Amino acid sequence: MQSILRPVDVIAIHSADGKIKPIRFRIENEEQEYLRIDIEEVIKMTEVSYVGAEAVIFLCRAKERGS
């Protein structure tokens, strides 16, 4: 499994009780092209605090959407 740390644009569903479910994200590759990635499954969700700022980290199974 490959880990990449880059900024991404995310589309997510927010429920009335405050839960977040990511649906898809977009990331720029080395050729400056945007790839649209559909999330098939959320495997793990971790809530963390970075220097007092709350954050949620999602580990997801995803698939690149064909052009």
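See the structure printed just above.
Please read these numbers as outputs of a predicted model, since none were measured by experiment.

## Description of the pattern of salt bridges
Then comes step 1: The tally for this structure, following the rule as stated, stands at 4 salt bridges.
Then comes step 2: One salt bridge connects Asp38 with Arg36, and the closest N-O pair in it is separated by 3.7 Å.
Then comes step 3: On the basis of relative accessibility, which here comes to 32%, the residue Arg36 falls in the partly exposed class.
Then comes step 4: Across the salt bridge formed by Glu41 and Arg61, the nearest N and O atoms sit 3.1 Å from each other. Remark: Arg61 occurs in strand E4 (residues 53-64) and Glu41 occurs in strand E3 (residues 34-50); sequence separation between them is 20 residues.
Then comes step 5: For Glu41, a relative accessible area of 38% gives the class partly exposed.
Then comes step 6: According to the relative accessible area criterion, Arg61 is partly exposed, its value standing at 45%.
Then comes step 7: A single network of salt bridges, built from pairs that share partners, joins Arg24, Arg36 and Asp38.

## What to know about the packing of aromatic side chains
A ring pair, where both rings are aromatic, is described by two values, the distance of the centres and the angle of the planes.
Then comes step 1: Enumeration over the complete set of coordinates arrives at 0 aromatic pairs.
Then comes step 2: Between Arg26 and the ring centre of Tyr34, over which it is positioned, the NZ or CZ distance is 4.1 Å.

## A short note on a nonpolar patch on the surface
Then comes step 1: A grouping of Ile20, Val42, Met45 and Val56 is seen on the molecular surface, where their side chains present a nonpolar patch of about 290 Å² in accessible area.
Then comes step 2: Considering the arrangement of structural elements, one finds Val56 in strand E4.
Then comes step 3: You can call Val56 partly exposed: its relative accessible area is 36%.

## Observations regarding the side chain of Asn29
Then comes step 1: Tracing the backbone through its elements, the reader meets Asn29 in the loop between strand E2 (20-28) and E3.
Then comes step 2: The residues touching Asn29, leaving out its near neighbours within four places in the chain, are Arg6 and Leu35.

Conventions adopted
Numbers given to residues run from 1 along each chain, matching the order in which its sequence is written. Local features in this predicted model are restricted to residues of pLDDT 70 or higher, and side-chain atom pairs are both shown and tallied only at a pLDDT of 80 or more, whereas totals for entire chains, interfaces and linings draw on every residue. Side-chain descriptors were evaluated using all non-hydrogen atoms of the structure, hydrogens and water having been removed beforehand. Between Lys or Arg on one side and Asp or Glu on the other, a salt bridge is scored when a side-chain nitrogen of the former is within 4 Å of a carboxyl oxygen of the latter. Exposure classes here rest on a 1.4 Å probe applied to the protein chains alone. A residue is buried below 20% of its type maximum, exposed above 50%, and partly exposed in between. A helix here means a DSSP run of H or I that spans at least four residues, while a strand means a run of E at least two residues long, and both kinds are numbered starting from the N terminus. Geometry of aromatic contacts follows a simple scheme: Phe, Tyr and Trp rings, the Trp one being its six-membered ring, pair when their centres are within 6.5 Å, and the pair is stacked under 30 degrees between planes, edge-to-face over 60, tilted otherwise. Think of it as a cone above the ring: NZ of Lys or CZ of Arg counts as a charge over the ring if it is within 6 Å of the ring centre and within 35 degrees of the ring normal. By definition, no residue in a patch forms a salt bridge, and every one has over 30% relative accessible area; like charges are joined within 9 Å, nonpolar side chains (Val, Leu, Ile, Met, Phe, Trp, Tyr) within 5 Å. Each accessible area is a Shrake-Rupley estimate made with a 1.4 Å probe; only the visible protein chains count as cover when residues are assessed. Between two residues, a contact is recorded if the distance between any of their heavy atoms is within 4.5 Å.

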